[in-house]
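The lines below spell out each chain.
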Amino acid sequence: MGRFDGRVAFLTGAGRGIGAATAKLLGAQGAAVAVADLELEPAAETAAAIAEAGGRSLALALDVTDTAQVDQAIERTVAELGRLDILVACAGILRDNLLFRMSDADWDAVIDTHLKGSFLAARAAQRHMVAQRYGKIVFLSSTSALGNRGQANYSAAKAGLQGLARTLAIELGPFNVNVNAVAPGFIETRMTRATAERLGVEYEQFKADVAATTPLRRVGQPEDVAHVIAFLVSDEASYVSGQTIYVAGGPRG
Ligand code: NAP
């Protein structure tokens, strides 16, 4: 028996990084998984890995900032995989800049992808979750929610997601839907590699510097976050809602 047998999960940004690791873990533990990402190719790679490991999956291309695309992707998931129990909103981008250099476009792109994208996915998913009186939603926040130089847009979005999780936990709790957030510190993915490139720092050195100031003395791996998300979307966490769990190798990354 798998932990998620009979459950259907929908993940955004699941072609790469934390989303891909979570999709594979949920798939390995019995969930049928809809793997959505901006481009079909990375989504299809994750979906193929789930299928090769004996799981059931569906690859979807979608832009989480587009209401119609999000609604259609959720409806297609329910039509093809039969129901919807779990939403994990991982899609994300960075447009870092100090405030005086941050353009309207930098601000809008980050707020739209993280905050509006998570809102749209949650709104579409809850229709099915409320009707069946069962659902699990996890948003990806970040230690940057606590403040991080050069990330006014990202920090505001990630702090906003913690408020969104708390509010939806209150609204959806009566329908047996749990809503939580995870807030990773430095995780080894394309996103942190891109940050090193932007800063002109060699990635191995960048990771070593972060590890040296992290209490657990290492950077995180996508699987470190995936396991916490899997706990939150499992029935073992059925009395946990409206919380943000930091996954940062210490009290903050
Ligand atoms: P990643 O490897 O870059 O994966 C993010 C995925 O989201 C990419 O495949 C990206 O596609 C996709 N995406 C971007 N915009 C999208 C859109 N509009 N619609 C649909 N998909 C979109 O990043 P990650 O490190 O796994 O991050 C996953 C989540 O964790 C993000 O929300 C991030 O903010 C959060 N997080 C990460 C860290 C970290 O250290 N890595 C720390 C804290 C929080 P493209 O590559 O095609 O753009």
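Before going into details, it helps to say that this report is about the structure given with it. Model, not experiment: these values are computed from the prediction. (Residues numbered from 1 in each chain as written. Predicted model: local features only at pLDDT ≥ 70, side-chain atom pairs only at ≥ 80, totals over all residues. Heavy atoms only, no water.)

## As for the side chain of K158
For the record, the criterion: Put simply, DSSP marks the helices as runs of H or I at least four residues long and the strands as runs of E at least two long, and each gets a number from the N terminus on. Partly exposed describes any residue whose relative accessible area lies between the buried limit of under 20% and the exposed limit of over 50%, with all areas from a 1.4 Å probe on protein chains only and scaled to the type maximum. For the purpose of counting charges, residues Lys and Arg are taken to be positive, whereas Asp and Glu are taken to be negative. His and the chain ends are not included. A side-chain nitrogen of Lys or Arg and a carboxyl oxygen of Asp or Glu constitute a salt bridge if their distance falls within 4 Å.
Along the polypeptide, K158 turns up in helix α5 (residues 152–172). Although K158 is buried, it forms no salt bridge, and the closest oppositely charged side chain is D96 at an N-O distance of 11 Å.

## Structural notes on the site of the ligand
Where we set the bar: One heavy atom within 4 Å of a molecule or strand makes the whole residue count as near it. Whenever two N or O atoms come within 3.5 Å, that pair is a polar contact, provided that in protein one can donate a hydrogen and the other can accept it, and provided that, for residues adjacent in sequence, both atoms are side-chain atoms. Surface exposure here means Shrake-Rupley accessible area, sampled with a 1.4 Å probe, where a residue is shielded only by the protein chains that are shown.
As a structural note, the neighbourhood of the ligand is formed by 28 residues, with R16, D37, Y154, T189 and R190 the closest of them. Between the ligand and I187, the relevant distance is 2.8 Å, taken from an oxygen atom to a main-chain nitrogen or oxygen of the residue. Here the ligand has 890 Å² of accessible area as a free molecule, and 93% of this is covered by the chains. Those elements giving two or more residues to the shell around the ligand turn out to be α1 (17–28), α4 (104–132), α5 and α6 (190–199). Of all the elements, α6 adds the most residues to the shell around the ligand, at three residues.

## Notes on the packing of α1 against helix α2 (residues 40–52)
To be explicit about the condition: Comment: axis = line fitted to C-alpha atoms, over the contacting stretch for helices; angle = value between 0 and 180 degrees taken between N-to-C directions. Should an angle lie under 35 degrees it is considered roughly parallel, over 145 roughly antiparallel, and from 65 to 115 roughly perpendicular; all remaining angles are considered oblique. Handedness of a crossing is defined here by the sense of rotation of the near helix relative to the far one, left-handed for an anticlockwise turn of less than a right angle and right-handed for a clockwise turn. Only heavy atoms enter the contact rule, under which two residues are in contact if any of them lie within 4.5 Å.
With their axes 9 Å apart at the nearest point, α1 and α2 run at an angle of 25° to one another. As far as their axial angle goes, α2 and α1 are roughly parallel. Seen along the crossing, α1 lies across α2 with a hand that is right-handed. Only T46, A49 and I50 of α2 make contact with α1, whose side of the interface consists of A20, A23, K24 and G27.

## Some remarks on the packing of aromatic side chains
Defined as follows: We call Phe, Tyr and Trp rings a pair once their centres come within 6.5 Å, taking the six-membered ring for Trp, and we label the pair stacked below 30 degrees between planes, edge-to-face above 60, and tilted otherwise. In this analysis the charged atom, NZ for Lys or CZ for Arg, is taken to sit over a ring once it is within 6 Å of the ring centre and within 35 degrees of the ring normal.
Inspection of every chain in the model, using the stated rule, returns two aromatic pairs. Ring geometry for F186 against F206: centres 5.4 Å apart, planes inclined by 70°, an arrangement best described as edge-to-face. In this pair, F186 sits in the loop between β6 (177–184) and α6 while F206 sits in helix α7 (residues 203–212), placing the two residues 20 residues apart along the sequence. Comparing F186 with F206 shows no difference in burial state: the two are buried. Among the aromatic residues, those joined into a ring-pair cluster are F186, Y203 and F206. Note that R7 overlies the ring of Y134, its terminal NZ or CZ placed 3.7 Å from the centroid.

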